[in-house]
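Remarks on the overall topology
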Amino acid sequence: MSTSWRRGEYRRLLRELATPKSRRLLQRLQWDREALRAFATWENLIDFMQAGEADESDQDRILRSILAEVEQRGDPTARTALLALFWPGLAKVFRQRRRWDRDPDELWSTITWVFLRAISKFRTARRPERIASKLINDAYRDLHREYRRRWRFQNGTKPLEDEDGDEVHAIGSTAPDPAIALVESRHDSLSVIRAWAEATQASQVDVELVVRTRLLDELLADVAEDLGLGYEAAKKRRQRTEASLQSFANRRNL
């Protein structure tokens, strides 16, 4: 996965946040939450956060407002906004941990997956402060846990340890180092996958790849073997399936 591709994907997120539907969410949030009233567009808000102009209390107020939409309504626009906000920080994790996977597409897919899963599990009432640090560190721990399992399965070696022991808490690319979680619960995720499978006439293989590896936490290598697929072929197939699933969920506002 090239840097230019990731930049293009980031621009796609910004275009999605410029749609009337996304602007309506921002306007609704501004009606209830004073912290967001200074920003005319999502892009203005994202630029402000990524530039490091917000102190930690400002960050917390803004992030808490957006996360509440995910927690209470499972709003896909709110998830998109959070992914765009944290994009430079996630890209930094990708660069720092590039050696963890020979396939850069798989590494990036896993990074975004664990981050979106961290968003879906986050509870604003339990973490009133340092929200950015909590999200990125939860995602990073899940990323390390996922690759630890893969390394142990593939060659029995110990996982690569962090070069430092520091927390990851970046939103912007200049901050210190630090499919798809569609909805809050596993039951709801299965409902979305069923709806997607029916609408797209997805194969049983594609459904199993996502359900077993993403929801049931089975190793991709095990599932690939069960389904008669090579490991690399299964990775590529799961990536295509997740992209289709994400597109379906966004169109249906799931």
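The structure reproduced in this document is the subject of the present report. (Residues numbered from 1 in each chain as written. Predicted model: local features only at pLDDT ≥ 70, side-chain atom pairs only at ≥ 80, totals over all residues. Heavy atoms only, no water.)

Considerations on the overall build of the chain
Broken down by element type, the chain carries 12 helices and zero strands. Out of the 254 residues belonging to the chain, those deemed buried represent 50%. (Helix = DSSP H or I, 4+ residues; strand = E, 2+ residues; numbered from the N terminus. Buried < 20%, exposed > 50% of the residue type's maximum accessible area, 1.4 Å probe, protein only.)

Focus on the nonpolar core
Counting residues in hydrophobic clusters, the biggest one holds 51 residues, and the most contacted among them are Trp42, Leu63, Leu82, Leu85, Phe86 and Phe115. Put simply, the parts of the chain that give this core at least two residues each are α1 (3–17), α2 (20–32), α3 (42–50), α4 (56–73), α5 (76–85), α6 (87–96), α7 (104–121) and α8 (131–155). Counting residues in hydrophobic clusters, the runner-up holds 11 residues, among them Ile193, Ala197, Val207 and Phe248. (Core = buried A, V, L, I, M, F, W, Y, C linked by side-chain atoms within 4.5 Å.)

A few points about the environment of Ile66
On the secondary structure map, Ile66 appears in helix α4. Under the relative-accessibility criterion, Ile66 is labelled buried at 0%. C-alpha of Ile66 to C-alpha of Leu26: the two residues are 40 residues apart in sequence and 9.1 Å apart in space. Not counting residues within four places of it along the chain, the set of residues in contact with Ile66 comprises Trp42, Ala78, Leu82 and Leu85. (Contact = heavy atoms within 4.5 Å.)

With respect to helix α12 (residues 231–251)
Taking 1.5 Å per residue, 21 residues should reach 30 Å; α12 reaches 30 Å between its end C-alpha atoms and fits that length. Looking at α12, one finds that the buried residues are Ala234, Lys235, Arg238, Gln239, Thr241, Glu242, Leu245, Phe248, Ala249 and Asn250. (Expected span 1.5 Å × (residues − 1).)

Side note on α2
Relative to the 18 Å expected for 13 residues at 1.5 Å per residue, α2 spans 19 Å between its end C-alpha atoms, a close match to the ideal helical length. All of the buried residues in α2 are Ser22, Leu25, Leu26, Leu29 and Gln30. One side of α2 carries all its buried residues, which in axial view fall inside an arc of 135 degrees. α2 presents Arg24, Trp31 and Asp32 as exposed residues on the side facing more than 90 degrees away from its buried surface. (Arc of directions from axis to C-beta.)

Section: unusual backbone geometry
Despite not being glycine, Gln201 has its phi angle at roughly 55 degrees, a positive value. With respect to the secondary-structure elements, Gln201 resides in the loop between α9 (186–200) and α10 (204–215).

Points about the pattern of salt bridges
A full pass over the atoms with the stated rule returns 19 salt bridges. Note that Glu106 and Arg238 form a salt bridge whose closest N and O atoms lie 2.5 Å from each other. Like Arg238, Glu106 is buried. Here the residues in one salt-bridge network are Asp101, Asp103, Asp105, Glu232, Lys235 and Lys236, joined through shared partners. (Salt bridge = Lys/Arg side-chain N within 4 Å of Asp/Glu carboxyl O.)

Focus: the packing of α4 against α5
The geometry of α4 relative to α5 is characterised by a closest axis approach of 8 Å and an angle of 140 degrees between their N-to-C directions. In terms of their interaxial angle, α4 and α5 are classed as oblique. In this structure, the crossing between α4 and α5 has a hand that is left-handed. On the side of α4, the interface is formed by Leu63, Ile66, Leu67, Glu69 and Val70, while α5 contributes Ala78, Arg79, Leu82 and Leu85. Residues belonging to the contact of α4 with α5 are distributed by class as follows: seven nonpolar, no polar and two charged. (Axes fitted to C-alpha atoms, helices over the stretch in contact; angles between N-to-C directions. Parallel < 35°, antiparallel > 145°, perpendicular 65-115°, else oblique. Left-handed = near helix turned anticlockwise from the far one by under 90°. Nonpolar A, V, L, I, M, F, W, Y, C, P; charged D, E, K, R; others polar.)

Examining the packing of aromatic side chains
Applying the stated rule across the entire model yields seven aromatic pairs. With a centroid separation of 5.8 Å and 35 degrees between ring planes, the pair formed by Tyr10 and Trp87 is classed as tilted. Here the residue Tyr10 occupies a position in helix α1, and Trp87 occupies one in helix α6, the gap between them amounting to 77 residues. Exposure class is identical for Tyr10 and Trp87. Each is buried. Ring plane angle 85 degrees and centroid distance 5.8 Å describe the contact between Phe94 and Trp108, whose orientation is recorded as edge-to-face. Of the two residues, Phe94 is situated in helix α6 and Trp108 in helix α7; the sequence distance between them amounts to 14 residues. Through a chain of ring-to-ring contacts, three or more aromatic side chains come together here, namely Tyr10, Trp87, Phe94 and Trp108. (Phe/Tyr/Trp six-rings, centres within 6.5 Å; stacked < 30°, edge-to-face > 60°.)

With respect to the packing of α7 against α12
Where α7 contacts α12, the axes come no closer than 11 Å and their chain directions differ by 40 degrees. Comparing the axis directions of α7 and α12 gives the class oblique. Here α7 runs over α12; the crossing is left-handed. Contacts between α7 and α12 involve Asp105, Glu106, Ser109, Trp113 and Leu116 from the former and Lys235, Lys236, Arg238, Gln239, Glu242 and Gln246 from the latter. Residue classes in the contact of α7 with α12 are distributed as two nonpolar, three polar and six charged.

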